[in-house]
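Here is what each chain is made of, one letter per residue.
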Amino acid sequence: MPDQLTVDELAALMKKGAGITVDPNEMEQRPETPFEVYGLDSLGLLGIVGELENRYGRPLPPDADRCKTPREFLDLVNTSLMAGA
């Protein structure tokens, strides 16, 4: 398992955790589009954070569930995962 969360994985987590289907290519091309545009609210993001914490066996930064865009979230999660590797 790579120690980097990808856009594809984030899209899969959005589908699994919040029932939101997102085209990962679109998200990759427009990483500054706010999560709310995709229909993901803070509760949905909190679920994704929980899923990732379970997957990697360590907590993410407390502000992970307050990220507004895929880029911000991926940067924060990946920085955190790299630091803990």
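As the structure is a prediction and not an experimental result, all values here were calculated from the model.

**Q** What is the right way to read the pattern of salt bridges from this model?
**A** Any two side chains of opposite charge can pair, on the condition that their charged atoms come close. By the definition in use, this model includes four salt bridges. Its salt-bridge partner being Glu26, residue Arg30 comes within 3.0 Å of it at the nearest N-O pair. You can call Arg30 partly exposed: its relative accessible area is 40%. Taking the relative accessible area as the measure of exposure, Glu26 reaches 31% and is therefore partly exposed. Glu32 is paired through a salt bridge with Arg71; the nearest N and O atoms lie 2.6 Å apart.

**Q** In this structure, what is going on with the nonpolar core? I would like to understand it.
**A** What tends to happen in soluble globular proteins is that the nonpolar side chains get buried as a cluster. Membership of the largest hydrophobic core comes to 24 residues, with the highest contact counts inside it found for Leu10, Met14, Met27, Ile48, Leu52 and Phe73. If you list the elements that add at least two residues to this core, you get helix 1 (7–18), helix 3 (35–38), helix 4 (42–56) and helix 5 (70–84). Apart from residues no more than four positions distant in its own chain, Met14 is found in contact with Gly19, Ile20, Val22, Met27, Phe35, Tyr38, Leu40 and Ile48.

**Q** Please clarify how the packing of aromatic side chains should be interpreted in this entry.
**A** Centre distance and the angle of the planes are the two values used to describe a pair of aromatic rings. According to the stated counting rule, one finds one aromatic pair in the structure shown. For the pair Phe35 and Phe73, a centre-to-centre distance of 6.1 Å together with 80 degrees between the ring planes defines the contact as edge-to-face. One end of the pair, Phe35, is in helix 3; the other, Phe73, is in helix 5, with 38 residues separating them in the sequence. For the pair Phe35 and Phe73, a shared accessibility class is recorded, and that class is buried.

**Q** Before we go on, may I ask you to explain the packing of helix 1 against helix 4 in this structure?
**A** Running from N to C, helix 1 and helix 4 point in directions that differ by 115 degrees, and their axes come no closer than 9 Å. As far as their axial angle goes, helix 4 and helix 1 are roughly perpendicular. As for the relative orientation of helix 1 and helix 4, their crossing is right-handed in sense. Here helix 1 contributes Glu9, Leu10, Leu13, Met14, Lys16 and Ala18 to the contact with helix 4, which in turn contributes Gly44, Ile48, Glu51, Leu52 and Arg55. A class-by-class count of the residues in the contact of helix 1 with helix 4 yields six nonpolar, one polar and four charged.

**Q** Could you clarify how one ought to interpret the environment of Leu5 in this entry?
**A** Note that Leu5 resides in the segment before helix 1. According to the relative accessible area criterion, Leu5 is buried, its value standing at 4%. As for Leu5 and Thr79, which are separated by 74 residues in sequence, their C-alpha atoms are 10.0 Å apart. Ignoring anything within four residues of it in the chain, the contact list for Leu5 reads Leu10, Leu13, Leu52, Arg55, Phe73, Leu74, Val77 and Asn78.

Each value, and the rule that gives it
- Residues numbered from 1 in each chain as written.
- Predicted model: local features only at pLDDT ≥ 70, side-chain atom pairs only at ≥ 80, totals over all residues.
- Heavy atoms only, no water.
- Salt bridge = Lys/Arg side-chain N within 4 Å of Asp/Glu carboxyl O.
- Buried < 20%, exposed > 50% of the residue type's maximum accessible area, 1.4 Å probe, protein only.
- Core = buried A, V, L, I, M, F, W, Y, C linked by side-chain atoms within 4.5 Å.
- Helix = DSSP H or I, 4+ residues; strand = E, 2+ residues; numbered from the N terminus.
- Contact = heavy atoms within 4.5 Å.
- Phe/Tyr/Trp six-rings, centres within 6.5 Å; stacked < 30°, edge-to-face > 60°.
- Axes fitted to C-alpha atoms, helices over the stretch in contact; angles between N-to-C directions.
- Parallel < 35°, antiparallel > 145°, perpendicular 65-115°, else oblique.
- Left-handed = near helix turned anticlockwise from the far one by under 90°.
- Nonpolar A, V, L, I, M, F, W, Y, C, P; charged D, E, K, R; others polar.

Interpretation note: all reported values are geometric properties and have no functional meaning in isolation.
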